[in-house]
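The chain contents come next:
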Amino acid sequence: MHTKSITELLAALQGGEFSAHELTSHFLDRIRSLDPHYNSFITLLEEDALQAAFRSDQRRAKGEAPLLSGIPIVHKDIFCTQGIRTTCGSRMLHDFIAPYDATVVEKLNQAGVIVLGKSNMDEFAMGSSNETSHYGNVHNPWDLERVPGGSSGGSAVAVAARLCAAATGTDTGGSIRQPASLCGITGLKPTYGRISRWGMVAYASSLDQAGSLTRSAEDAALMLSVMAGHDPRDSTSIAAHVPHYTAELDSEVKGLRIGLCREYFEDGLDASVAACVQEGIAELEKLGATISEVSLANIKHAIPAYYVIAPAECSANLSRFDGVRYGYRCDDPDSLEDLYKRSRSEGFGREVKRRIMVGTFALSAGYYDAYYRKAQQIRRLIKNDFSSAFDSVDILVGPTAPAPAFKIGEKSEDQIAMYLQDIFTIACNLAGLPAASIPVGFVDGLPVGMQLIGNYLDEATILRVAHQFQLQTDWHGRVPATAA
Ligand code: GLN
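Residues numbered from 1 in each chain as written. Predicted model: local features only at pLDDT ≥ 70, side-chain atom pairs only at ≥ 80, totals over all residues. Heavy atoms only, no water.

A. A look at the site of the ligand. In the vicinity of the ligand lie 15 residues, with Gly173, Ser175, Tyr203, Tyr306 and Asp422 positioned nearest. Contacts to the ligand include Gly173, whose backbone N or O atom sits 2.7 Å from an oxygen atom. For the ligand, whose free accessible area comes to 290 Å², the fraction covered by protein is 100%. When each cavity is represented as a set of grid points, the ligand is found to reside in the largest cavity. (Near = heavy atom within 4 Å. Polar contact = N/O pair within 3.5 Å; in protein donor to acceptor, adjacent residues only side chain to side chain. Areas by Shrake-Rupley, 256 points an atom, 1.4 Å probe, with all protein chains shown as cover. 1 Å grid on protein atoms, 1.4 Å probe; cavity = no way out; pocket = protein on both sides within 12 Å on 5 of 7 lines; lining within 4 Å. Sits in = over half its atoms within 2 Å of the grid points.)

Here it is in structure tokens:
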């Protein structure tokens, strides 16, 4: 059961091969026996999930089966879930129970999913390895001594190890695509504003975007059909038509113009990863796509600009955690100032504090023009580079991460090396463009991802190219030995 795609599961549920209750119990059994190796869950919802599955079967028997009826999924623990705690991987929110569901959660519930639990993540989504979580490291199912990537590492592992059918994630600088690449699955970050951010704990609001982690592009198309759409509760959500993503998967790739960004194949890319991506590109060429080279001259400034903008926004967003309204509060404060200081020092981890300090500095009078304004100007230049590239190509293809999964602890003391993990993903967030990572091969038994970057609101082309590629290859079908 656990190796089936969402489409296959829906057919089996509809055909009465097994019930949603049986399917849910099966995934819960797998989680109980396998997750101690991975630590991909923060909260497991056994009772709730079984009851929801029971109700789902009853509704199906009555002929009521919305699009994802009975499909067991996992939410990254950054999405607010009514009555169920939402920790965001932080001690600060260890006991936080939201009084409402995030729009993403609400929409997926309406579509009939069964929520198995909330997945582990880097604290407040800050990280590329899942090592900053208050709830411990997450282990990569392809090699338990290695990181799964981050910050949506728990979601990526739960999908890769077949502990659920699909998962939600968020991507501020690469947090869906990079873990998808390191775990050998399909990760989609849609256009900024395509999916509502309402009820998603904010890290850097102008960059944060929800998306999915799935086994295939076809599954991603199903998830996006449910998750996308305008939400009046999120003023940055886009009021654009949501296409019928699954219906568009079958159009062929022939004649599609693919751009290779020259800068993505220069510095910093592991040669074995480059070779896998080149083979992936050759496969697309076989399908009739034409390849040309494009240049994104300002992309080299993406990481420095991001590490001013993201901390600046996070320093503002995280100021709400003051020990007063909600979240962690220190014991026996002797003054209001002591309450603020100790609640924040004890509630936040090191990386979060580092970012708050950098962000506060960058926004302070006297430095605002030197850092924040400059970073915003770079952001515009990067956007312009992408716009000119999309004048001559339909999609950009390149690597997702510079190398396969690294060892736990290997980069924790070297912030720059850690930040460079997102060298190929961050520019899309600065520009707001949609992008996906799909499995394209293995290096020494570790998965490698290929990134597909689309034009604004053109998730359909990304999904179609990914699906056509997956019809020809089976990288996305491989299951790690630890999860067999
Ligand atoms: N690794 C990046 C960071 O730490 C991106 C994280 C994300 O996309 N949430 O900011």
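B. Looking closely at unusual backbone geometry. For the bond running from Gly150 to Ser151, omega is 5 degrees, close enough to zero to count as cis. The phi angle at Asn39 is positive, at roughly 60 degrees, despite the residue not being glycine. Note on placement: Asn39 falls in the loop between α2 (20-38) and β1 (41-44). Located in the positive-phi region is Arg162, a residue other than glycine, with phi close to 55 degrees. For Arg162, the position within the fold is in the loop between α5 (153-160) and β4 (166-171). (Helix = DSSP H or I, 4+ residues; strand = E, 2+ residues; numbered from the N terminus.)

C. Looking closely at the packing of helix α9 (residues 302-317) against helix α12 (residues 368-392). Packing of α9 against α12 brings their axes to within 9 Å, and their N-to-C directions diverge by 125 degrees. It follows that α9 is oblique to α12 by the angle criterion. Relative to α12, α9 is oriented so that their crossing is left-handed. Along the contact surface, α9 presents Ala302, Ala305, Val308, Ile309, Ala312 and Glu313, while α12 presents Tyr371, Tyr372, Ala375, Gln376, Ile378, Arg379 and Ile382. Partitioned by chemical class, the residues of the contact of α9 with α12 number ten nonpolar, one polar and two charged. (Axes fitted to C-alpha atoms, helices over the stretch in contact; angles between N-to-C directions. Parallel < 35°, antiparallel > 145°, perpendicular 65-115°, else oblique. Left-handed = near helix turned anticlockwise from the far one by under 90°. Contact = heavy atoms within 4.5 Å. Nonpolar A, V, L, I, M, F, W, Y, C, P; charged D, E, K, R; others polar.)

D. Expanded view of the sheet that holds strand β6 (residues 209-214). Pairing is mixed in the open sheet, where eleven strands are placed in the order β1-β3-β2-β4-β6-β5-β10-β11-β9-β7-β8. A strand with exactly one partner marks an edge of an open sheet, and here the two such strands are β1 and β8 (290-294). Within the sheet, the average angular offset between the axes of one strand and its neighbour, ignoring direction, is 30 degrees. As paired strands, strand β10 (residues 435-443) and strand β11 (residues 446-454) are joined by eight bridges and run antiparallel to one another. Pairing of Ser437 across the sheet is with Gln451, part of β11. Strand contacts of helix α7 (residues 217-227): β4, β5 (186-189) and β6, with the helix running at about 145 degrees to β6, the strand carrying the most contacts. Sheet contacts for helix α8 (residues 271-286): β7 (257-261), β8, β9 (395-399), β10 and β11; angle to β10, the most-contacted strand, approximately 115 degrees. (Pairing = 2+ DSSP bridges.)

In short, shape yes, function no, at least from these values alone.
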